[in-house]
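# Residue-level structural notes
Below, each chain spelled out in residue letters.
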Amino acid sequence: MKKIGFIGLGIMGRPMANHLLKAGYALAVHNRSKEKMDQMAAHGATIQEPQEMAGECDAILMCLPTSVEVTMVTHRILAAGRPGLIVADHSTIQPFVAQRLAEEAGTVGVEFLDAPISGGESGAIAGTLSTMVGGGADAFAALRPIFDTFSSVVTHTGPSGTGQMTKLANQILCAITLMGVAESLSFAKKNGLDLNKTLTVLSGGAGDSWALRNLGPKMIGRDYTPGFSNSLQFKDLGYAMEAAHQCGATTFGLALAHQLCTSQNARGLGDAGIASLFDLYELLNTERDQRA
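What comes next concerns the included structure. (Residues numbered from 1 in each chain as written. Predicted model: local features only at pLDDT ≥ 70, side-chain atom pairs only at ≥ 80, totals over all residues. Heavy atoms only, no water.)

### A closer look at the overall build of the protein
Across its full length, the protein carries 13 helices and 9 strands. Whereas a compact globule of 292 residues would reach a radius of gyration of roughly 19 Å, the protein reaches 20 Å, a difference of no more than 12%. Projecting the C-alpha coordinates of the protein onto the three principal axes gives extents of approximately 70 × 45 × 35 Å. The buried share of the protein, reckoned over its 292 residues, is 48%. The long-range fraction of contacts in the protein, counting pairs at least 24 apart against all pairs at least 6 apart in sequence, stands at 66%. (Helix = DSSP H or I, 4+ residues; strand = E, 2+ residues; numbered from the N terminus. Rg over C-alpha atoms; globule rule 2.2 N^0.38 Å. Buried < 20%, exposed > 50% of the residue type's maximum accessible area, 1.4 Å probe, protein only. Contact = heavy atoms within 4.5 Å.)

### Quick word on the nonpolar core
Core analysis: the biggest nonpolar cluster contains 32 residues, and F6, M16, L20, L27, L61, L143 and F147 have the highest contact counts within it. Of all the elements in the fold, those that place two or more residues in this core are β1 (3-7), α1 (13-22), β2 (26-30), α2 (34-41), β4 (59-62), β5 (86-89), β8 (129-134) and α7 (137-148). The element best represented in this core is α7, accounting for 5 residues. L20 has contacts with I4, F6, Y25, L27, L61, I146, T149 and F150, leaving out every residue within four places of it along the chain. (Core = buried A, V, L, I, M, F, W, Y, C linked by side-chain atoms within 4.5 Å.)

### Comments concerning α1
For α1, a buried count of 7 out of 10 residues is recorded, marking the element as mostly surrounded by other parts of the structure. Here α1 has its buried residues at G13, P15, M16, A17, H19, L20 and L21. After α1 finishes, the residue G24 shows a positive phi value of roughly 95 degrees.

### Some details on empty space enclosed by the protein
Under the defined criterion, the tally for this structure stands at 1 cavity of 30 Å³ or more. Of the volumes computed, that of the largest cavity is approximately 80 Å³. Around the largest cavity sit A175, L178, M179, N230, Q233, A257, L260, C261, Q264, I274 and L277, which together line it. Mapped by element, the contributors of at least two residues to the lining of the largest cavity are α8 (162-190), α11 (230-247) and α12 (252-266). (1 Å grid on protein atoms, 1.4 Å probe; cavity = no way out; pocket = protein on both sides within 12 Å on 5 of 7 lines; lining within 4 Å. Points joined across faces, edges and corners; volume = space filled by probe spheres on them.)

### Here we look at the side chain of T71
By secondary structure assignment, the location of T71 is in helix α4 (residues 67-80). Setting aside residues no more than four positions away along its own chain, T71 makes contact with V97, R100 and L101.

### What about the packing of α8 against α11?
The geometry of α8 relative to α11 is characterised by a closest axis approach of 9 Å and an angle of 120 degrees between their N-to-C directions. If you check the angle between α8 and α11, you find them oblique. Judged by the twist between their axes, the crossing of α8 over α11 is left-handed. The residues of α11 that touch α8, namely those facing M165, L168, Q171, I172, A175 and L178, are Q233, D236, L237, Y239, A240 and A243. Among the residues forming the contact of α8 with α11, the class breakdown is 9 nonpolar, 2 polar and 1 charged. (Axes fitted to C-alpha atoms, helices over the stretch in contact; angles between N-to-C directions. Parallel < 35°, antiparallel > 145°, perpendicular 65-115°, else oblique. Left-handed = near helix turned anticlockwise from the far one by under 90°. Nonpolar A, V, L, I, M, F, W, Y, C, P; charged D, E, K, R; others polar.)

### Focus: the packing of aromatic side chains
Summed over the entire model, instances satisfying the criterion amount to 2 aromatic pairs. Plain terms: the ring middles of F140 and F147 are 6.4 Å apart, the flat faces sit at 35 degrees to each other, and that makes the pair tilted. Given the relative accessible area of 11%, F140 is considered buried. With a relative accessible area of 0%, F147 lands in the buried category. These aromatic residues form a ring-pair network of at least three members: F140, F147 and F150. (Phe/Tyr/Trp six-rings, centres within 6.5 Å; stacked < 30°, edge-to-face > 60°.)

In structure tokens, the structure reads:
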């Protein structure tokens, strides 16, 4: 792998692309906004359209918002792609879409891997993401050194679609844990506890979690900067609800987490970080006190 293309320089994509540059890969980038491309170009990347990447790169990585964008960009790549090219999608999309794109890619000799990531903005910056990869074993092995530049855990989960299905399982766990952190800290505040001391105690006990350690301080400090936004959470949980319905899985916690996320978006907080769920608990507590 000599030249890599990277499409989507958002909160997660940009630090991932930076790790590729630091590792010495020749990197071509593409993004919806020109400013982010120019910033990467200043550090040695070249700017190319997806079709140009398809003709020159050994592999193309994507980190985009939804199934729609991933499908559109993949079709642009496949229209100009050549046999042997490998496309890895780090977005969170519907598993059946990943399977369909892998089938379409195969008809022109291109390998498509669904390779969603977990670890948040901090993990992307630190290079400690968890990457779950569905697709061909040979393509996975070829891109493993690339994944290792921004990941501490890289797992081949099975055939196409299993990477995305694993990510949805991850999102269910994250959403329910987030709900627990917000509820716990809101309960502590309601009872007059010092939240910083409470956080220290909880982080050292059986209830410790990534969400508690990383999002708990944001909740206490009312820092709702989007490392991961409510709108993206809503999208991911919607995909999970769809998948749960299709397989008949029982998902009580997912249903509640999805409803709370729906409320956050309805309140105009779609662009806020998911730590803002704490604010919803606070709002409901205040309204209850006023009624009392």
